[in-house]
Amino acid sequence: MVRNSILKGRISRIGSYAIASSITDHCITCTTFNILAPIYNRLNNKDQSRRESDYRAYWLARNQRILDWLLCERSSVICLQEFWVGNEELVNMYEKRLGDAGYIIFILARTNNRGDGLLTALHKDYFRVINHRDLLLNDIGDRVCQLIHVELLVPFSQNRNTNVRQELLITNTHLLFPHDSSLCLVRLHQVYEILQNVESYQKEYKLNPIPIILCGDWNGSKRGHVYKFLRSQGFLSSYDTAHQYTDTDAQRWVSHRNHRGNICGVDFIWLLNPNRYRKLLKTSWNEAVFSMFKYLLRRASLTESDAFAFLLADSDGDYITYSGFREALRQLNLTGHSHGLTEEEMKDLWIQADICGNGVLDHKEFQQRIWSATDLDQRFDGDSDDQKIVHTIGFSVKNAVLFPTEVEKGMWPENYFLSDHARLTVVFSPVRMPCSQLIL
């Protein structure tokens, strides 16, 4: 145990130095960390009933070490998942220590008394909180999301310009674990709903483009539909950006060893700068669902002609009807249950697929919209002649580090017991950038 403690300290110092060496007076840092709620921490894989929550000395010591690390690093933003909201002593400990260190704290429990939730802490030296909103997704996973609107403070204020907004939106969330393939659509829906809420908030308060940072445990890798959906919306994975990894570099790093013993990269801090044009949100959603549709067809070992025949169903001709389309979605488990596609969503997909609008899909439309999954709509948010250029603040990614350091090489250290997730910290440097503003 002494050797383990020394190793943990060494890893912490290496990581902290890498972050500290990247920070200048104008940088902010952001940490996301799933801290493994004691109610889920299995102490013995052979005896699933033994949980850390039953042993105060265990969970107290581990969470004290987590706080030690967080306060040593002192990130501007701390986003925690699986925070044990159901234990008053633990909640008080985090509120006391983080509060004494100068943080403003927001806590949100999952719905239906699941026992855990989210904690987001913002340091008073860096931010003024303008507003915050709790998003209750009310789905089968009882998932939630925190949305916080902040203004940057000193040292940015010394460069304050009335024409440069210094605000950003920060979210913290924890998506559902994909226990089976049917839940992949649920996870995609969760992200869609979060982005819908962000978009609605921006419209409600008439916000012009400002940076958006999405933090959390996304419970999916770079190969998944959620990753591709967020990329289609213009978001960048900060860690991959810092290390110049491409979308296809899926195994260069890991951040989680799950209860099945598998290791994968699931913890992300996403950045959307205000100068990046965004595809219409519904367009990205439709494309993501069609991509999932195509994946399921191919997973069933169907060729293009077989898949077309499958969708023809009982059609009287060489074309796909809406009823055949709906039946294919049902057989692929994308609808027909409480967390599947709604009738409205299926009709919207059908409208997008029916290019000529004659109420049926011929083979060319099937090939273009479903099998090849080409872009459904090339319009982007903000494409309008009624615009003027304004200046706002954005961010460049200066550095990003995962702790413990072994996970950056795609390995999971056997002597790491702080959580079943690695801690991700990103250094952002604010930059002044032009962006389009709609003239209302």
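Residue positions are given per chain, counted from 1 along the sequence in the order it is written. Only residues with pLDDT of at least 70 get local features here, since the model is predicted, and only at 80 or more are side-chain atom pairs given and counted; chain-wide, interface and lining totals rely on the full set of residues. Each side-chain value is derived from all of the structure's non-hydrogen atoms; neither hydrogens nor water enter the calculation.

Peer 1: Looking at this structure, I do not really get the packing of helix α9 (residues 322-331) against helix α10 (residues 343-353). What am I missing?
Peer 2: When two helices pack together, their arrangement is given by the angle between their axes and by how far apart the axes lie. Between α9 and α10, the shortest axis-to-axis distance is 11 Å and the interhelical angle comes to 120°. Relative to α10, α9 is oriented oblique. As for how α9 packs across α10, the hand of that crossing is right-handed. Here Tyr322, Phe325, Arg326 and Leu329 of α9 lie close against α10, whose contacting residues are Glu343, Met346, Lys347, Leu349 and Trp350. Working convention: axes come from line fits to C-alpha atoms, limited for helices to the stretch in contact. Angles between N-to-C directions cover 0 to 180 degrees. The helix and strand labels rest on DSSP assignments: H or I over at least four residues marks a helix, E over at least two residues marks a strand, and numbering proceeds from the N terminus. If an angle is under 35 degrees, it is roughly parallel; if it is over 145, roughly antiparallel; if it lies from 65 to 115, roughly perpendicular; otherwise it is oblique. In this scheme the handedness of a crossing depends on how the near helix is turned from the far one: anticlockwise by less than a right angle means left-handed, clockwise means right-handed. Contacts between residues were defined by any pair of non-hydrogen atoms, one from each residue, lying within 4.5 Å.

Peer 1: Help me understand the confidence of the model for the protein chain, please; the structure alone is not making it clear to me.
Peer 2: Where the model shows low pLDDT, its predicted coordinates should not be examined in detail. For every residue, the predictor assigns a confidence score, pLDDT, that lies between 0 and 100. Averaged over the protein chain, the pLDDT score is 86; the fraction of residues at 70 or greater is 85%. For the stretch residues 1-14, pLDDT sits under 50, and the model shows 14 contacts to residues farther than four places along the chain or on other chains. Low confidence marks residues 374-386, where pLDDT is under 50. Its contacts with residues over four positions away, or in another chain, come to 32 contacts.

Peer 1: What is the right way to read the pairing of strand β8 (residues 167-174) from this model?
Peer 2: Each regular strand shows side chains that alternate between the opposite faces of the sheet. Most of β8 is tucked away: 8 of the 8 residues are buried. Burial of the side chains of β8 extends over both faces: Glu167, Leu169, Thr171 and Thr173 are buried on one face and Leu168, Ile170, Asn172 and His174 on the other. Note on pairing: two strands pair once DSSP finds at least 2 bridges between them. In the sheet, strand β6 (residues 144-152) pairs with β8 via 7 bridges, with the strands oriented antiparallel. Of the residues in β8, the one forming a bridge with glutamate 151 is glutamate 167. Alignment of β8 against strand β9 (residues 212-217), held across 6 bridges, turns out to be parallel. The partner of histidine 174 across the bridge, within β9, is aspartate 217. The rule is simple: take the accessible area with a 1.4 Å probe, protein chains only, and divide by the maximum for that residue type; under 20% is buried, over 50% is exposed, in between is partly exposed.

Peer 1: Looking at this structure, I do not really get the pattern of salt bridges. What am I missing?
Peer 2: For side chains of opposite charge, pairing can occur when their charged atoms come near one another. The term salt bridge refers to a pairing of a side-chain nitrogen on Lys or Arg with a carboxyl oxygen on Asp or Glu at a separation within 4 Å. One pass over the full model with this rule turns up 17 salt bridges. Put simply, lysine 203 and glutamate 199 hold a salt bridge, and the shortest N to O gap is 3.8 Å. Remark: glutamate 199 and lysine 203 occur in helix α4 (residues 183-204); sequence separation between them is 4 residues, near one turn of the helix.

Peer 1: Before we go on, may I ask you to explain the sheet that holds strand β13 (residues 267-272) in this structure?
Peer 2: Where strands meet in a sheet, backbone hydrogen bonds hold them as pairs that are either parallel or antiparallel. Taken together, the 6 strands give an open sheet; going across it, the order is β5-β6-β8-β9-β13-β10, and neighbouring strands pair in mixed fashion. The open sheet has two edge strands with one neighbour each: β5 (127-136) and β10 (236-237). With 2 bridges joining them, β10 and β13 adopt antiparallel strand pairing. Within β13, the residue paired with leucine 236 across the bridge is leucine 271. Packing against the sheet, helix α5 (residues 225-232) makes contact with β9, β10 and β13, and its axis sits at approximately 15° to β13.

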